Amino acid sequence: MVEKGKATYDVKCQACHSTGPNRVVGPGWKGVTERRKPEWIMNMMLNIDVMLETDPEAQKGLEECLVRMPNQGLSKDQGREVLEFMRTL
Ligand code: HEC
């Protein structure tokens, strides 16, 4: 799962997210699974538009980054794989 998640990251997420602590367009992913609950991360990956409308933390992220994260069209399985990759960071 980690390998598949990394492959998805390389294609769909890397342009905006580093695996370190630094922000690119969106926040860096180092330690993200310690800062955020897994279900919150899954919602950000699968349902970003609803999150940006309703979730205060997602809205705060938008204020800080000044860019709306576009929906990346991941399947639920792909989301789970990326989450496992994130746990390694
Ligand atoms: C065009 C740039 C862009 C791409 C591509 C992108 N994101 Fe994002 N992402 C953002 C921005 C900007 C934010 C912060 C916005 C927010 O929190 O509302 C963000 C926030 C997030 C967060 C919350 C992080 C945190 O610490 O709060 C997660 C999780 C996330 N993205 C996952 C993904 C995944 C998984 C992919 C690839 C499948 C992806 N993103 C692709 C721009 C992008």
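Position labels on residues start from 1 in each chain and follow its written sequence. Under the rules for a predicted model, residues below a pLDDT of 70 receive no local features and side-chain atom pairs below 80 are neither given nor counted, while totals for whole chains, interfaces and linings still include all residues. As a rule here, side-chain values come from all non-hydrogen atoms in the structure, and water together with hydrogens is ignored.

A short note on the coordination of the iron atom of the ligand
Sodium, potassium and calcium take a 3.2 Å donor cutoff, other metals 2.8 Å, and in both cases only N, O and S atoms count; water is not among them, so sites may look incomplete. In this structure, His17 (NE2) and Met69 (SD) serve as the protein donors to the iron atom of the ligand, at separations of 2.0 to 2.1 Å. By the criteria applied here, four donors are tetrahedral when all angles lie between 85 and 135 degrees, four are square planar and six octahedral when opposite donors are over 155 degrees apart and every other angle lies between 65 and 115, and any other arrangement is irregular. Seen from the iron atom of the ligand, its 6 donor atoms lie at angles of 83 to 178 degrees, and the figure they make is octahedral. With a gap of 52 residues between them, histidine 17 in the loop between helix 1 (2–13) and helix 2 (32–35) and methionine 69 in the loop between helix 5 (56–65) and helix 6 (76–87) connect regions that are remote in the sequence. With relative accessibility at 11%, the residue histidine 17 sits in the buried group. Helical segments are the DSSP runs of H or I of at least four residues, strand segments are the runs of E of at least two, and each set is numbered from the N terminus. Here's how the labels work: a residue is buried when its accessible area is under 20% of the maximum for its type, exposed when over 50%, partly exposed in between, all with a 1.4 Å probe on protein chains only.

Points about a nonpolar patch on the surface
By definition, no residue in a patch forms a salt bridge, and every one has over 30% relative accessible area; like charges are joined within 9 Å, nonpolar side chains (Val, Leu, Ile, Met, Phe, Trp, Tyr) within 5 Å. Here the Shrake-Rupley method, with its probe set to 1.4 Å, supplies the accessible areas, and only the displayed protein chains count as covering residues. Salt-bridge detection follows one rule: a side-chain nitrogen of Lys or Arg within 4 Å of a carboxyl oxygen of Asp or Glu. On the surface, Val24, Val25, Leu66 and Val67 cluster together to form a nonpolar patch covering roughly 350 Å² of accessible area. Locating leucine 66 in the fold gives a position in the loop between helix 5 and helix 6.

Thoughts on the packing of helix 1 against helix 6
The interhelical angle for the contact between helix 1 and helix 6, taken along N-to-C directions, is 100 degrees, at an axis separation of 7 Å. Taken together, helix 1 and helix 6 sit at an angle that is classed as roughly perpendicular. Counted together, Val2, Lys4, Gly5, Lys6, Thr8 and Tyr9 of helix 1 and Gln78, Glu81, Val82, Glu84 and Phe85 of helix 6 form the full contact between these two elements. Ten residues, namely Ala, Val, Leu, Ile, Met, Phe, Trp, Tyr, Cys and Pro, are considered nonpolar, four, namely Asp, Glu, Lys and Arg, are considered charged, and the remaining ones, Gly among them, are considered polar. Tallied by class, residues from the contact of helix 1 with helix 6 come to 4 nonpolar, 3 polar and 4 charged. Every axis corresponds to a line fitted to the C-alpha atoms, with the helix fit spanning only the stretch in contact, and the corresponding angles, defined between N-to-C directions, vary from 0 to 180 degrees. Each angle gets one of four labels, with under 35 degrees taken as roughly parallel, over 145 as roughly antiparallel, 65 to 115 as roughly perpendicular, and the rest as oblique. We call two residues in contact when some of their heavy atoms are within 4.5 Å.

Any functional reading would require information that these geometric values do not contain.
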